Amino acid sequence: SIYSNVDQIKYGSFCFLHLYSIIIPPSLFILFPRAFKGCYYLYQIQFIKNISNQSMLKYICDEAFSDTKISSIIIPDSVKEIGSLCYPSCIFKIDLENGLPELEKIGDAAFSNTQIESFNMPINIIPFVNAKNVFFKCKKLKKIIFDSFSNDYENLRDECKKYEQNESEKRKNSKINFLRDIQKM
């Protein structure tokens, strides 16, 4: 219900149950690791929104939906982090609502071994750059689409430049600190 106060589903809470479908309330903030792992009959997940058309979900942790029968999912645009090995190997469609504008981190192998054929990269691709093997063993993946969520290419270009400048500044500061440490010896 949109009036639910459930804000978390703990580690393995629904592991190996015979669930078929689940509706996630808008109040949910975090899905801990293995929340629905091994729910072999679970084929449908629906994230509902509150009366302000928002979801509070920020974290989908490791293996949250692994070993289920989910074939498609729409990840709410409020999500900041997606853990490792979250989705079952049978899933063929993963949609990122509004390009997941708040996404900050994605776990290694997050979408690995799935049946997805195409994937629309989120607005912020940096989490994908920092993760390893995100699409490992996705044998059916034929198309990755960039910039599908934004027509504002200037902002995207500026964002990339800022990232490059920050990384360059970090490397420079690291070298300076290293030299200072050597001089102290």
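Computed from a prediction, not measured in an experiment: that's the story for all the values here. (Residues numbered from 1 in each chain as written. Predicted model: local features only at pLDDT ≥ 70, side-chain atom pairs only at ≥ 80, totals over all residues. Heavy atoms only, no water.)

Participant: Would you explain unusual backbone geometry in this entry?
Facilitator: Among all residues except glycine, the phi angle is most often negative; among peptide bonds, the trans geometry is most common. Look at Glu63: it is not a glycine, yet its phi comes out positive at around 55°. As for its position among the elements, Glu63 is in the loop between strand S5 (59-60) and strand S6 (72-75). The class of Glu63 is buried, set by a relative accessible area of 18%. Even without a glycine there, the phi angle at Leu100 is positive, about 40°. Its location among the elements puts Leu100 in the loop between strand S8 (93-96) and strand S9 (105-106). (Helix = DSSP H or I, 4+ residues; strand = E, 2+ residues; numbered from the N terminus. Buried < 20%, exposed > 50% of the residue type's maximum accessible area, 1.4 Å probe, protein only.)

Participant: Please explain the pairing of S6 as it appears in this structure.
Facilitator: For a regular strand, side chains alternate in direction, first toward one face of the sheet and then toward the other. The alternating pattern of S6 places Ile73 and Ile75 on a buried face, while none of Ser72 and Ile74, on the opposite face, is buried. With four bridges joining them, S6 and S8 adopt parallel strand pairing. Residue pairing for S8: Ser72 is matched across the bridge by Lys93. (Pairing = 2+ DSSP bridges.)

Participant: Is there a simple way to explain the pattern of salt bridges in this structure?
Facilitator: If the charged atoms of two oppositely charged side chains come close together, the side chains can form a pair. All told, the structure shown has eight salt bridges when counted by the stated rule. Between Glu63 and Lys37 there is a salt bridge, with the nearest N and O atoms lying 3.2 Å from each other. With Glu63 in the loop between S5 and S6 and Lys37 in the loop between strand S3 (30-31) and strand S4 (44-47), the pair connects residues that are 26 residues apart, well separated along the chain. Residues Asp67 and Lys37 are paired through a salt bridge, measuring 2.7 Å at the closest nitrogen-oxygen approach. Taken together, the positions of Asp67 in the loop between S5 and S6 and Lys37 in the loop between S3 and S4 put the pair 30 residues apart, joining distant regions of the chain. Ionic contacts of the salt-bridge type, sharing partners, join the residues Arg34, Lys37, Glu63 and Asp67 into one network. (Salt bridge = Lys/Arg side-chain N within 4 Å of Asp/Glu carboxyl O.)

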